[in-house]
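The primary structure of each chain is shown beneath.
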Amino acid sequence: MSIVSLKSWRILLVSTPVASLGNGFGGGVELSLKNLAQSLQLKGHVVTVLAPEGSVLANAELQTVPGQLQISMQFLDRTEAMCLPDNSVLANLWEKARALQNDYDLILNFAYDWLPFYLTPFFQTPIAHLVSMCSLTNTMDRVIHQIAQSFPQSLAFHSQVQAETFGLSQARCIGNALDLDLYDYCADPQEYLAWVGRISPEKAIEDAIAVSEATGLELRVYGVLQDLDYWERLKQKFPHAAINYRGFLGTEALQQELRQSKALLMTPRWVEAFGNVVIEALACGVPVVAYRRGGPADIIQDGITGFLVEPDSIDGLVQALNAIHKIDRQACRDRAEKEYSLAAHGDRLNSWFQALLPD
Ligand code: HBI
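Anyway, here's the lowdown on the structure attached to this text. (Residues numbered from 1 in each chain as written. Predicted model: local features only at pLDDT ≥ 70, side-chain atom pairs only at ≥ 80, totals over all residues. Heavy atoms only, no water.)

**Here we look at the overall build of the protein**
Inclusion rule: Secondary structure follows DSSP: runs of H or I at least 4 residues long count as helices, runs of E at least 2 residues long count as strands, and numbering of each begins at the N terminus. When we talk radius of gyration, it's over C-alpha atoms, and the globule rule is simply 2.2 Å times the number of residues to the 0.38. In what follows, residue pairs with any heavy atoms lying within 4.5 Å of each other are defined as contacts. In this tally, Lys and Arg are treated as positive and Asp and Glu as negative; His is ignored, and so are the chain termini. Every charge is mapped to an atom, namely NZ of Lys, CZ of Arg, CG of Asp or CD of Glu.
Across its full length, the protein carries 13 helices and twelve strands. Relative to a compact globule of 359 residues, whose C-alpha radius of gyration would be 21 Å, the protein shows 20 Å and is just as compact. Overall, the C-alpha framework of the protein stretches about 60 × 45 × 35 Å when taken along its three principal axes. The contacts in the protein between residues at least 6 apart in sequence include a share of 68% that link residues at least 24 apart. Side chains of the protein carry 27 positive and 40 negative charges; the gap between the two charge centres is 2 Å.

Right under this line is the structure:
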């Protein structure tokens, strides 16, 4: 039973500086932010979103700022220094948050960047940080550890395995959520496999293509073509694979096709913090076959809502697919309703923010 919180808070969500919202280049944080805003509104809180200019967002008040986008952290080496471009949108976002802070009870940071973590003690309004990725660089590790030390209640991660990459196994984990009304359960799938994500080397779609070749099953691919050279190289490498690239689709169009797939393949080379696409698949009744690595390993119940296989093992993926008929698709939907609904997420957010804010 979800509890509507006693007090209505005014919350400012500050988005990622790597992309404007709405075009897929922001990655999982777009869906996380949209659904978190909805979870908070369901609990009676008032949500405003601050994001780079060009952003679009349907379900909350949006303010945007201009400026140069920030380079994605996953493209930096672990020891690389943090750089801000001239007229940095990251700096402009946090200048705007500073100017607006007195209108809000809480500021929630979605950026995986040094600046907002560093600014925590300089603001009068409390800043909470939802860490969107695993440990990637020494500079980010250091500032996150400083916050864990000085403002432990202000940190939350998406999954336990993600928190553990920072050595913070006691930290708060809040998972993620979906508006399950947008996802329709499908009991009788077609014969194709699905793969969803930014097409970029760390997501290792080549393994899913190898599985498509090995099983002869069509692979339908959804997501933004972030690395075009990489995609071209893959098409050369697998000229005969039955790959059907469907583009970056909005939730409605994506779930229409995802729901009819036999299974979702998750082939991350890097440690995913969570795996929004996993809960989207479960919401449609689609079992997930994934490497036992990162966030998906925290979400998938092996043998119940999918299979977790030896990381980087194509054979492991193929064997799991051969047994996919053993998975009850209704159990996948049931799991999503129990753990990943907006109401369940709203309860987790309320208990996080109650620890941060005076009654
Ligand atoms: N890189 N510098 C930086 N800042 C972010 O907020 C960021 C990123 N890379 C990826 C990313 N956010 C999003 O795709 C998250 O959903 C992972």
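**Details of the nonpolar core**
Our working definition: In this description, a nonpolar core means a group of buried Ala, Val, Leu, Ile, Met, Phe, Trp, Tyr and Cys residues linked to one another through side-chain atoms lying within 4.5 Å. Only protein chains enter the accessibility calculation, which uses a 1.4 Å probe. A residue is then buried if its area is under 20% of the maximum for its type, exposed if over 50%, and partly exposed in between.
Of all hydrophobic cores here, the largest spans 58 residues; its most connected members are I205, L264, L265, V288 and V289. Broken down by element, the residue count for this core peaks at six residues, all from helix α9 (residues 276-283). The contact partners of L265, leaving out residues within four places of it in the chain, are L193, A194, W195, A208, V211, L219, V289 and L321. Grouped together as the second largest cluster of nonpolar side chains are 25 residues, I11, A51, L108 and A128 included.

**So, the pairing of strand β4 (residues 106-109)**
Rule in force here: The pairing criterion for strands is at least two bridges between them, as found by DSSP. A clockwise course of the path from the first strand over the helix to the second, judged with the strands pointing away from the viewer, identifies a crossover as right-handed.
Because side chains alternate across β4, one face comprises the buried residues L106 and L108, and the other comprises I107 and N109, equally buried. Bridge count for strand β1 (residues 10-14) against β4 is four bridges, and the pairing is parallel. Within the sheet, the bridge partner assigned to L13 lies in β4 and is L108. Where β4 and strand β5 (residues 127-130) come together, three bridges link them in parallel fashion. Within the sheet, the bridge partner assigned to I107 lies in β5 and is I127. With respect to chirality, the unit in which β4 leads through helix α3 (residues 114-119) into the neighbouring parallel β5 is right-handed.

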